[in-house]
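Each chain, letter by letter, is given below.
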Amino acid sequence: MTVAATASATTATSIGAKGTAAAELDYRPSYLAATVAGLVTFLLYLVTLAPSTSMWDTSEYIAAAYVLGLPHPPGNPFFVLIGRVFSVLPIAPTVAMRINVLAALSSAVSAAFWFLVTERVLVQWMPRRWQRIMGGSLAVLIGATAFTVWNQSVVNEKVYTVSLVGLAFICWLTVRWCDDPEGPVADRLLVLIAYLLGLGYTNHMAGMLAAPAVGLAVLIRRPQTVMRWKLLVACAAALVFGLTPFATQPIRAAHFPAINEGEPTGCVTEIRMDCTFSQLTYDRFMYNFNRGQYGKPELGERQAPFTAQVGMYWLYFKWQWLRDAYNENPGLQNGLAVFYFILIILGGWMHFQKDRRSFWFFGPLVFTMTLGLIFYLNFRYGHSQAPELGDSVPREVRDRDYFYLWSFSALSVWAALGLFYLWETVATLFGADETKLGKATVVEPRPRSFAMASPLLVVAFIPLFGNWTQASRSGQTDTADFARDLLNSVEPYGILITVGDNDTFPLWYAQEVEGVRQDVIVANTSLMNTDWYVRQLIRNPVREYDEAKGPAIYKGGNWKKPSGPPFNLSYDEADALPLYIPTPQNAAFQKGNIIAQPRSPQLMKSDQLVYFMLRDAFPDRPLYFSRTAGGYPYELGLERYVVTQGMAKKLMPDPQEPGGDLVVIPGEGLVDVKRSYELWSSVFTATKSLAARNGWVDDASVGIPDLYVISGITLAEALAQTGRMARADSVYNQSREIAKAMRRESVFGFERVAQPFAQPGKDTAAQQLLLPTDTGRDSSRN
């Protein structure tokens, strides 16, 4: 430690208990500087902002906010309310972009609060205002450009950035309370903090992350507070009042919005007093509130060794300073992670030395958001963690770095303090003078010395430049394009069977926000295993097909609007369906010329409902399986009746044989060449937006762009077999461009195939490309 650091540490511990350090030093928060820092951060996020939706929960939450619906349990009512407000504000050209601005604004305001916290700690350390402003600026720069914080701030994937601003605000209020726990506004601050904790919980359970640290700080700084029952009652009342947005859920659910996950109401067809205030509503609400749908194990039942869970956190920690998505600079990434880890440890130590008042809050908060959160979340192995273990260990369906966003953002305070300490230490070597800090005399580097040591601060810019390409979502429209392409692969009034998040949520967004193909029923197999989703499929009205906005290939067709739900079940019959039944021996389903023998040893509720749709709605309603469903038609015994058309497989009323425009492709089955080419060449838009990408960072969702590559290769081969070589070459080259943009040419073996297709009748066995076998069956909820 430098002489200056030692002297200032003495100053920090010599201040009397009654007076505060801030008062002794005439401290005034630099709100203007913090505001400027927040605005610069906001501008960075706007420059790299997503213009549309994205994979995973982004589409679900944008659509839920827009229709004032309920996203997946526990429903996040506070986010839905403020998201709805942002969706109608004229601040951006599209609904998605407006809600993305909410994410950017939340993180930018959070950065301003971290600025203030950092500056406050430096009051005990640095005598000059500009030095403290520099420290706050370093915290903003490091925290705002950490990969996960940045990547989540430019698209509203869910609720994490709104939770972040609540956490940062509570942190700032608690630090101020620790300064003067007996001051005139101290009790009001505690009541406000209690309210924000409750309100934050209605946005996400992470809203309570700060509660243990706040409680510990109160016990250490002013233990007699816990004996003041009136204050405790006021805090409890404020916390409960903060939770009141949850009361909107049974009311809104009984209005049956288009997105109504969990459906926490006892009402079935309309809102009424008797069903709203009923035991059934209470039971469904509590089931939803407690996330009973997901069946998470008890904390004692570890889903992976705790050491592996810490290893997951370390992997995501390494991403923050350089997101090396393609493993091009592993040594540099590891080195930066170690360096920033040392900075954070050093910053935490200096915080402890300089300002123990705020440390007794912030230190426990860091522990809660790191080791405490790791233990509580109890994740399986990360999707990208320890790839050498393969499928020998249970894995999360995607990388969960976003759950630690609060940690990575808050740690910027300690990283900035650690970097400031190094800067001060180096600057002291170039010359220092004695100066007054409060009532003490300390040794401070001269301004010229700080300037000479300033090249050291360049390390704070590493995340900005190292993460720009990977964190930015500017110009990305491919997810919305994919949703439109998949919906437009389905004929008017069709039913589309999907299987996971990434082939369902974007479709919800396209239908509910952009008004695309609302006539299509999207039936997700994962959700069809729940009672509430089945009731919604029965209840939802048939929406009109808008021919003027539909694809040209469907214009002029005789598309009769059907009536009624996709299966003839009452609500009671639907609720009575078991989650699964054993498949009877020699069981077969028959409808007209379709005879299907299921191949699974048990039929899930969703399987039964697909058969019911086939029984009750087909062929009046076309029935399709999304190509992301992989071999699901085979599992149902329907493989002889499906034909690939674009991004979906259409069920036909009779067994299909190759001939004419129906071509057999190994691994794919029958392909309708004419319809698939029409869709690819004149309807699909994601083929262009994907080809314009510069990589695909999220490996867990890469199955969607892979699907386009596979679809293009399949179509090109089918075109070649029918003698349309020019078209085959064109489609093949477009597929290769998508693979190149994804940096996955080698995965598909493009470099090994110089002439991919032969004239019809030639042996093409040696020309098959290596195709991934799984294109994205996922059923995660988080």
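Parameters and conventions
Residues numbered from 1 in each chain as written. Predicted model: local features only at pLDDT ≥ 70, side-chain atom pairs only at ≥ 80, totals over all residues. Heavy atoms only, no water. Helix = DSSP H or I, 4+ residues; strand = E, 2+ residues; numbered from the N terminus. Rg over C-alpha atoms; globule rule 2.2 N^0.38 Å. Buried < 20%, exposed > 50% of the residue type's maximum accessible area, 1.4 Å probe, protein only. Contact = heavy atoms within 4.5 Å. Areas by Shrake-Rupley, 256 points an atom, 1.4 Å probe, with all protein chains shown as cover. Disulfide = S-S within 2.5 Å. Polar contact = N/O pair within 3.5 Å; in protein donor to acceptor, adjacent residues only side chain to side chain. Pairing = 2+ DSSP bridges. Right-handed = clockwise from strand over helix to strand, strands pointing away. Phe/Tyr/Trp six-rings, centres within 6.5 Å; stacked < 30°, edge-to-face > 60°. Axes fitted to C-alpha atoms, helices over the stretch in contact; angles between N-to-C directions. Parallel < 35°, antiparallel > 145°, perpendicular 65-115°, else oblique. Nonpolar A, V, L, I, M, F, W, Y, C, P; charged D, E, K, R; others polar. Salt bridge = Lys/Arg side-chain N within 4 Å of Asp/Glu carboxyl O. Expected span 1.5 Å × (residues − 1). Arc of directions from axis to C-beta. Patch = residues over 30% accessible without salt bridge, like charges linked within 9 Å, V, L, I, M, F, W, Y side chains within 5 Å. pLDDT = per-residue confidence, 0-100. Left-handed = near helix turned anticlockwise from the far one by under 90°.

Caption draft 1: Up close: the overall build of the protein. A tally of regular secondary structure across the protein gives 32 helices and 13 strands. Whereas a compact globule of 782 residues would reach a radius of gyration of roughly 28 Å, the protein reaches 29 Å, a difference of no more than 12%. Summarising its shape, the C-alpha atoms of the protein cover approximately 95 × 70 × 50 Å along the three principal directions. In the protein, which comprises 782 residues, the share counted as buried stands at 59%. If you take every contact in the protein between residues at least 6 apart in sequence, the share linking residues at least 24 apart comes to 75%. Accessible surface computed for the protein: about 30800 Å², of which carbon and sulfur atoms make up 60%.

Caption draft 2: Layout of the state of the cysteines. This model, assessed by the stated rule, comprises one disulfide. Each sulfur of the disulfide joining Cys267 and Cys275 lies 2.0 Å from the other. The chirality of the disulfide connecting Cys267 with Cys275 is right-handed, given an S-S dihedral of about 90°. Overall, the relative accessible area of 7% leaves Cys275 in the buried class. Looking at Cys178, it has no disulfide partner, and the nearest cysteine sulfur is the one in Cys171, 9.3 Å off.

Caption draft 3: Quick peek at the environment of Tyr533. Considering the arrangement of structural elements, one finds Tyr533 in helix α24 (residues 531-539). With a relative accessible area of 5%, Tyr533 lands in the buried category. Note: C-alpha distance between Tyr533 and Ala523 (ten residues apart in sequence) is 9.1 Å.

Caption draft 4: Inspection of unusual backbone geometry at higher detail. In this structure, the amide linkage connecting Pro73 to the following residue, Pro74, adopts the cis form with an omega of 10°. A cis amide bond links Phe618 to the next residue, Pro619, at an omega of 5°. Residue placement: Pro619 occurs in the loop between α26 (605-616) and β9 (623-626). Within the chain, Glu263 stands out as a residue other than glycine whose phi angle is a positive 40°. Within the element layout of this structure, Glu263 appears in the loop between α13 (248-253) and α14 (273-276).

Caption draft 5: How the structure looks around the environment of Asp187. Looking at the secondary structure, you find Asp187 in helix α10 (residues 186-203). Separated by 387 residues in the primary sequence, Asp187 and Ala574 have C-alpha atoms spaced 53 Å apart. When neighbours within four sequence positions are excluded, Asp187 is seen to be in contact with Arg222, Arg228 and Leu231. Here Arg228 takes part through its side chain, which lies 2.6 Å from a polar atom of the side chain of Asp187.

Caption draft 6: How the structure looks around the pairing of strand β4 (residues 521-524). By the alternation rule, side chains of β4 split into Ile521 and Ala523 and Val522 and Asn524, which are all buried. Pairing between strand β3 (residues 495-498) and β4: four bridges, direction parallel. Among the inter-strand pairings, Ile497 is bridged to a residue of β4, identified as Ala523. Taken together, β3, helix α23 (residues 505-512) and β4 form a β-α-β motif whose crossover is right-handed.

Caption draft 7: Highlighting the packing of aromatic side chains. According to the stated counting rule, one finds 51 aromatic pairs in the structure shown. Seen from their ring centres, Tyr31 and Trp172 are 6.4 Å apart, and the 85° between their planes marks the pair as edge-to-face. Highlighted residues: Tyr31 in helix α3 (residues 31-47) and Trp172 in helix α9 (residues 160-179), separated in sequence by 141 residues. Centre to centre, the rings of Trp150 and Trp468 are 5.5 Å apart; their planes meet at 85°, and the pair counts as edge-to-face. Taken together, the positions of Trp150 in helix α8 (residues 147-153) and Trp468 in helix α21 (residues 462-471) put the pair 318 residues apart, joining distant regions of the chain.

Caption draft 8: Broad picture of the packing of helix α4 (residues 57-66) against helix α6 (residues 95-122). Axis separation between α4 and α6 bottoms out at 10 Å; the angle between their running directions is 100°. When the axis of α4 is compared with that of α6, the two are roughly perpendicular. Residues Ile62, Ala65 and Tyr66 of α4 form the contact with α6, whose own contacting residues are Val95, Ala96, Ile99 and Asn100. Partitioned by chemical class, the residues of the contact of α4 with α6 number six nonpolar, one polar and no charged.

Caption draft 9: The pattern of salt bridges, seen in detail. All chains considered together, the criterion is met by 34 salt bridges. For Arg380, the salt bridge goes to Glu396, with nearest N and O atoms at 3.7 Å. Separated by 16 residues along the polypeptide, Arg380 in the loop between α18 (356-377) and α19 (405-428) and Glu396 in the loop between α18 and α19 bring together distant segments of the chain. Judged by relative accessible area, Glu396 falls into the buried class, the value being 5%. Here Asp478 ties to Arg693 by a salt bridge, and the two come within 2.8 Å at their closest N and O atoms. Of this pair, Asp478 sits in helix α22 (residues 478-488) while Arg693 sits in the loop between α29 (686-691) and α30 (703-721); the two residues are 215 residues apart in sequence, bridging distant segments of the chain. A single salt-bridge network, built from bridges that share partners, covers Glu491, Lys650, Lys674, Arg675 and Glu678.

Caption draft 10: Broad picture of helix α12 (residues 229-242). The first and last C-alpha atoms of α12 sit 20 Å apart over 14 residues, in line with the 20 Å expected at 1.5 Å per residue. Within α12, the full set of buried residues consists of Leu231, Cys235, Ala238 and Gly242. Along the axis of α12, the buried positions cluster into a sector of 60°, meaning they face one direction only. Exposed residues on α12 whose side chains face more than 90 degrees from its buried face are Trp229, Lys230, Val240 and Phe241. Here the buried face of α12 lies against α10.

Caption draft 11: Region of interest: a nonpolar patch on the surface. A cluster of nonpolar side chains, contributed by Leu216, Leu219, Ile220, Val226, Met227 and Trp360, occupies part of the molecular surface with about 540 Å² of accessible area. Broken down by element, the residue count for the nonpolar patch peaks at three residues, all from helix α11 (residues 211-221). Within the fold, Val226 resides in the loop between α11 and α12.

Caption draft 12: Fine view of the confidence of the model for the protein. Per-residue confidence for the protein gives a mean pLDDT of 90; residues scoring 70 or more make up 93%. Throughout residues 1-21 the model reports pLDDT below 50, and contacts reaching past four residues in sequence, or to other chains, amount to 47 contacts. Note on residues 763-782: pLDDT under 50 across the span, and 66 contacts to partners over four residues away in sequence or across chains.

Caption draft 13: Inspection of the packing of α30 against helix α31 (residues 725-741) at higher detail. Viewed as axis vectors pointing N to C, α30 and α31 meet at an angle of 165°, and their least axial separation amounts to 8 Å. Taken together, the axes of α30 and α31 lie roughly antiparallel to each other. For α30 against α31, the interelement crossing comes out left-handed. Note on element contacts: α31 touches α30 through Met725, Arg727, Ala728, Val731, Tyr732, Ser735, Ile738 and Ala739, opposite Pro705, Tyr708, Val709, Gly712, Ile713, Leu715, Ala716, Leu719 and Ala720. Taken together, the residues that form the contact of α30 with α31 break down as 14 nonpolar, two polar and one charged.

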